[in-house]
Amino acid sequence: MASVTDEKTPGAGGSVELSIGGMTCASCANRIERKLNRLDGVTATVNYATEKAKVTFPEGLDPESLVAEVEKAGYTAALPEPPALSDQDGDRTAGEPDEAGPLRQRLVTAVVLSVPVVAMAMIPALQFTNWQWLSLTLAAPVVVYAGWPFHKAAWTNLRHGAATMDTLISMGTIAAFGWSLWALFFGTAGMSGMTHSFESAIERTDGSGNIYLEAAAGVTAFILAGRYFEARAKRRAGAALRALLELGAKDVAVLRDGVEVRVPSDRLAVGDRFVVRPGEKIATDGVVEEGSSAVDASLLTGESVPVEVRPGDAVTGATVNAGGRLVVRATRVGAGTRLAQMARLVEEAQTGKAQVQRLADRISGVFVPIVIALSLGTLGFWLATGAGAGAAFTAAVAVLIIACPCALGLATPTALLVGTGRGAQLGILIKGPEALESTRAIDTVLLDKTGTVTEGRMTLIEIHLAEGEDEAEVLRLAGALEHASEHPIAQAVARGAAEKAGPLPAPQEFANVEGLGVQGVVDGHAVLVGRPRLLAEWSQALPAGLEGAVRAAEAAGRTAVAAGWDGRARAVLVVADVIKPTSGEAIARLRALGLTPVLLTGDNKAVARTVAAEVGIDEVIAEVLPADKVEVVKRLQSAGRTVAMVGDGVNDAAALAQADLGLAMGTGADAAIEASDLTLVRGDLRVAADAIRLSRRTLRTIKGNLFWALAYNVAALPLAAAGLLTPMIAGAAMAFSSVFVVSNSLRLRRFR
């Protein structure tokens, strides 16, 4: 799908969504944003996670100039493709390059080659004769090939007068590698029989006998691992839109001169008449011209009960025809359909999310230039004091290596990996650090009803019998007739009857009565099952007791189905979307976390209030359309509340994306899962409380890791600058800080 924009013709002003390439950290997004916002009348928001820039520009400005401005900053930008090119296959992003693929190759290379390099440097027993030359052979591809993305980004930043973590990683690894080359070829490190010895004494040395290849290779491998997992998470950012588009029908039977011709659904035009058979998806928004049926719109509206439609009624694309044959006239196609509008809502909500800056990237804006300046200052100071080039370079390289942000780079990915791994064991999928940071301030939880608090499918829950009737007989006859119908309510009755009464007989002379129910012959009885009006038309009036049962069911928002045969009404069967047995406990757990639960649903008020009262929710917002759900989230956010949204349907996808924290039930629609921040695999609402607890614990671990990694750098830098740490000890200290960060992260495995 092409990016949805409200862009006018070039030069007329409007807004456009640019695809940005070449960003390596959140500070890149900040730089592009600042560059664009300097243009007169331009307002830009750059999202690092989705690699998109939403830009509003004034009349008279050509959008191509926005692309040029981004390219001046050293990045790539592209305007959205024309809709005609991308609407033909709803998955344009499938052809985009997979950023994680090349990173995976570099990571595998780095790990395979770095392990023996680090082992030989750290374990004297492995230092055979001329081991240092094998280390050079293995480390060179790691630094040059595997570390190329860092060097390339550092060079790009240098040309534009900027510095990021890439700059520090590149300088540190090149300095360690370059010094090792000097020591091997011009110092004493290349001599046969050379070994590394660890000394506890801190003293100045010329460093010509030491190599630091393990620091160069190890740092590259560690940082690449973090970048790889980050790239995988970013790759999924556009999947919500693809999941929405894949809901639509792929082809459609169009009526041409009275003959059905199957064509791809994207070739439909407004005014075309097309046929929808039972079980098929409706290809696009339209109006029913012939036939009547029940349409299951639960994916789009959240309404648990199928809607009866007849000639003149409007239907929505991607909903399912659950009953008879329909002929529909298309009224909206392509970008104008309800489905496309929902896709636009999801995209706008994702693009408009507050940008979550990684703390490490924010630190780098100040930390990197200071370290580079300190390293150069150290080199100049020791040269000026006559300490010799070897000692001066040793101190300068030690500053770069001790400051090399290995622990900073590991702080987020290791905690995230352990936290997400533990979450997966508990049925919780966490998409990334952005989701974790959103859990801190959550105070309100919006809960979708259908499929989240309730089971999401109709179930037979009550049987009311007329005087003298046998329940098993009622279920057998009514269930047999309903079993022949494809209507979801009929199927609920049939399932319930089969569970309670056993095998059902086959009906004869079955017929569907438009909008009322079904009729037929079962075991010699003329049976009617459907609305009370169907029985009344056959002079089978409900006795007072059954009429009361119908009124009570309707007052509670449930569906009452009347059954009768041989001239008399026999029973009322009540069908409803039942509450999950764990929902009440889940609401209590959410309250215990200090959160306010709110039921938000497209279903009617009577149903919503009944469900809310049963599970202990005080606040109910009912009868809301998908776009209204987004507005509800925005209204609460503008009132100062921090909102989490729990849902499972396509109708929830935009609200899940707009909310500060989106939690999707894993048993629900792919679009909802992809638009969310957390996915609850088991479909158990109790897991929502566990997910928020685990997210908060993981976030605390990340913050702790970042603090200690930074504290270590700050404490060790003065020692390195004073020449009291050799690069070898600096490398070992850096490795220790990394081990500490990893160990701290591993504590998350004990989360219960």
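Residues numbered from 1 in each chain as written. Predicted model: local features only at pLDDT ≥ 70, side-chain atom pairs only at ≥ 80, totals over all residues. Heavy atoms only, no water.

### Some points on the environment of Ala592
And then number 1: With respect to the element layout, Ala592 can be found in helix 21 (residues 583-592).
And then number 2: On the accessibility criterion, Ala592 (71% relative accessible area) is exposed.
And then number 3: Residues Ala592 and Ala689 lie 97 residues apart in sequence; the distance between their C-alpha atoms is 9.1 Å. (Helix = DSSP H or I, 4+ residues; strand = E, 2+ residues; numbered from the N terminus. Buried < 20%, exposed > 50% of the residue type's maximum accessible area, 1.4 Å probe, protein only.)

### Considering the pairing of strand 8 (residues 285-290)
And then number 1: Judged from the five bridges that link them, strand 8 and strand 13 (residues 326-332) form a sheet pairing that is antiparallel. Within the sheet, the bridge partner assigned to Val287 lies in strand 13 and is Arg329.
And then number 2: Here two bridges tie strand 8 to strand 11 (residues 314-315), and the two strands are oriented antiparallel to one another. Paired with Gly286 across the two strands is Val315, which belongs to strand 11. (Pairing = 2+ DSSP bridges.)

### Some remarks on the UniProt feature "transmembrane region" (unreviewed entry) in the protein
And then number 1: According to UniProt, the positions carrying the feature "transmembrane region" (unreviewed entry) are residues 107-125, 131-148, 168-191, 211-229, 363-384, 390-418, 705-722 and 728-746.
And then number 2: Within residues 131-148, the helical portion is 94% and the strand portion 0%, while the C-alpha atoms at the span's ends are 25 Å from each other.
And then number 3: From the first C-alpha to the last, residues 705-722 spans 26 Å; its make-up is 94% helix and 0% strand. (UniProt positions renumbered as here; feature names shortened; annotations may be inferred.)

### Overview of a nonpolar patch on the surface
And then number 1: Together, Phe707, Trp708, Phe736 and Phe740 line one region of the surface with nonpolar side chains, adding up to about 490 Å² of accessible area.
And then number 2: Going through the elements one at a time, helix 26 (686-721) and helix 27 (727-746) are the ones with two or more residues in the nonpolar patch.
And then number 3: Structurally, Phe736 is set in helix 27.
And then number 4: Judged by relative accessible area, Phe736 falls into the exposed class, the value being 58%. (Patch = residues over 30% accessible without salt bridge, like charges linked within 9 Å, V, L, I, M, F, W, Y side chains within 5 Å. Areas by Shrake-Rupley, 256 points an atom, 1.4 Å probe, with all protein chains shown as cover. Salt bridge = Lys/Arg side-chain N within 4 Å of Asp/Glu carboxyl O.)

### Observations concerning the nonpolar core
And then number 1: In this structure, Ile211, Leu213, Leu224, Val371, Ile402 and Leu717 are the most contacted members of the largest nonpolar core, which totals 53 residues.
And then number 2: Of all elements in the fold, only helix 4 (100-122), helix 5 (131-146), helix 7 (165-185), helix 8 (213-235), helix 12 (359-384), helix 13 (389-403) and helix 26 reach the threshold of two or more residues within this core.
And then number 3: Among the elements that take part in this core, helix 8 stands out by supplying nine residues, more than any other.
And then number 4: Each residue touching Leu213, except ones within four places of it in the same chain, is listed here: Val117, Gln132, Ser135, Leu136, Ala139, Phe177 and Ser180.
And then number 5: Counting residues in each nonpolar core, the second largest holds 44 residues, with Val611, Val646, Leu661 and Ala688 among its members. (Core = buried A, V, L, I, M, F, W, Y, C linked by side-chain atoms within 4.5 Å. Contact = heavy atoms within 4.5 Å.)

### A short note on the packing of helix 4 against helix 5
To describe two helices that pack against each other, one gives the angle between their axes and the distance between the axes.
And then number 1: The N-to-C vectors of helix 4 and helix 5 enclose an angle of 155°; their axes lie 9 Å apart at closest approach. Between helix 4 and helix 5, the angle falls in the class roughly antiparallel. Between helix 4 and helix 5 lies a crossing whose hand is left-handed. Residue-level contacts link Gln105, Arg106, Thr109, Ala110, Leu113, Ser114, Pro116, Val117, Met120 and Ala121 of helix 4 to Trp131, Leu134, Ser135, Leu138, Ala139, Pro141, Val142, Tyr145 and Ala146 of helix 5.
And then number 2: Residue composition of the contact of helix 4 with helix 5, grouped by class: 14 nonpolar, four polar and one charged. (Axes fitted to C-alpha atoms, helices over the stretch in contact; angles between N-to-C directions. Parallel < 35°, antiparallel > 145°, perpendicular 65-115°, else oblique. Left-handed = near helix turned anticlockwise from the far one by under 90°. Nonpolar A, V, L, I, M, F, W, Y, C, P; charged D, E, K, R; others polar.)

### Thoughts on helix 23 (residues 626-638)
The α-helix winds at 3.6 residues per turn, so residues separated by three or four positions along the chain end up facing the same way.
And then number 1: Between the first and last C-alpha of helix 23 there are 19 Å, a value that for 13 residues agrees with the 18 Å anticipated at 1.5 Å per step.
And then number 2: Listing the buried residues of helix 23 in full gives Pro626, Lys629, Val630, Val632, Val633 and Leu636. Seen along its axis, helix 23 keeps its buried residues to an arc of 155°; they face one direction.
And then number 3: Of the residues flanking the end of helix 23, it is Gly640, one or two places downstream, whose phi is positive at about 95°. (Expected span 1.5 Å × (residues − 1). Arc of directions from axis to C-beta.)

### Considerations on the packing of aromatic side chains
And then number 1: Tallied over the entire structure, the rule returns five aromatic pairs.
And then number 2: When the centroid spacing of 5.1 Å and the interplanar angle of 75° are considered together, the rings of Phe707 and Trp708 count as edge-to-face.
And then number 3: Taking 6.1 Å as the distance between ring centres and 75° as the angle between the ring planes, the aromatic pair formed by Trp708 and Phe740 counts as edge-to-face. Placement of the pair is Trp708 in helix 26 and Phe740 in helix 27, with a sequence separation of 32 residues.
And then number 4: The partly exposed category is assigned to Trp708, whose relative accessible area is 48%.
And then number 5: Overall, Phe740 belongs to the partly exposed group, its relative accessible area being 36%.
And then number 6: Arg106 extends its terminal NZ or CZ atom over the ring of Tyr145, reaching a point 4.7 Å from the ring centre. (Phe/Tyr/Trp six-rings, centres within 6.5 Å; stacked < 30°, edge-to-face > 60°. Lys NZ or Arg CZ within 6 Å of the ring centre and 35° of its normal.)

### Topic: the sheet that holds strand 21 (residues 568-579)
And then number 1: Across the sheet, six strands lie side by side as 16-21-20-19-18-17; this open sheet has antiparallel pairing. Where the open sheet ends on each side, the last strands, each with one partner, are strand 16 (454-465) and strand 17 (508-513). Taken over all neighbouring pairs, the strand axes of this sheet differ in orientation by 20° on average, direction set aside.
And then number 2: Direction of pairing for strand 18 (residues 517-522) relative to strand 19 (residues 525-530): antiparallel, over a ladder of six bridges. Within the sheet, the bridge partner assigned to Val521 lies in strand 19 and is Ala526.
And then number 3: Against the sheet, helix 17 (residues 471-483) engages strand 16, strand 17, strand 18, strand 19, strand 20 (559-565) and strand 21, with an angle of about 75° to strand 19.
And then number 4: Across the sheet, helix 20 (residues 544-555) lies against strand 16, strand 20 and strand 21, angled at about 20° from strand 21, the strand it touches most.

### What about the pattern of salt bridges?
And then number 1: Scanning the entire structure with this criterion turns up 26 salt bridges.
And then number 2: The residue Glu69 makes a salt bridge to Lys72 at a minimum N-O spacing of 3.6 Å. In this pair, Glu69 and Lys72 are both assigned in helix 2 (residues 63-72), three residues apart and thus about one turn of the helix distant.
And then number 3: Ionic pairing is found between Arg693 and Asp690, a salt bridge with its closest N-O pair at 3.2 Å.

### Focus on the pairing of strand 20
And then number 1: Most of strand 20 sits out of view: seven of its seven residues are buried.
And then number 2: Every second residue of strand 20 is oriented toward a common face, with Thr559, Val561, Ala563 and Trp565 on one face and Ala560, Ala562 and Gly564 on the other, all of them buried.
And then number 3: In this sheet, strand 20 lies alongside strand 19 in antiparallel orientation, the contact comprising four bridges. Within strand 20, the position partnered with Val527 by the bridge is Trp565.
And then number 4: When strand 20 meets strand 21, the two strands line up antiparallel, connected through seven bridges. Within the sheet, the bridge partner assigned to Trp565 lies in strand 21 and is Arg568.
And then number 5: Adjacent in sequence and paired antiparallel, strand 20 and strand 21 are bridged by two residues, among which Asp566 carries a positive phi angle near 50°.

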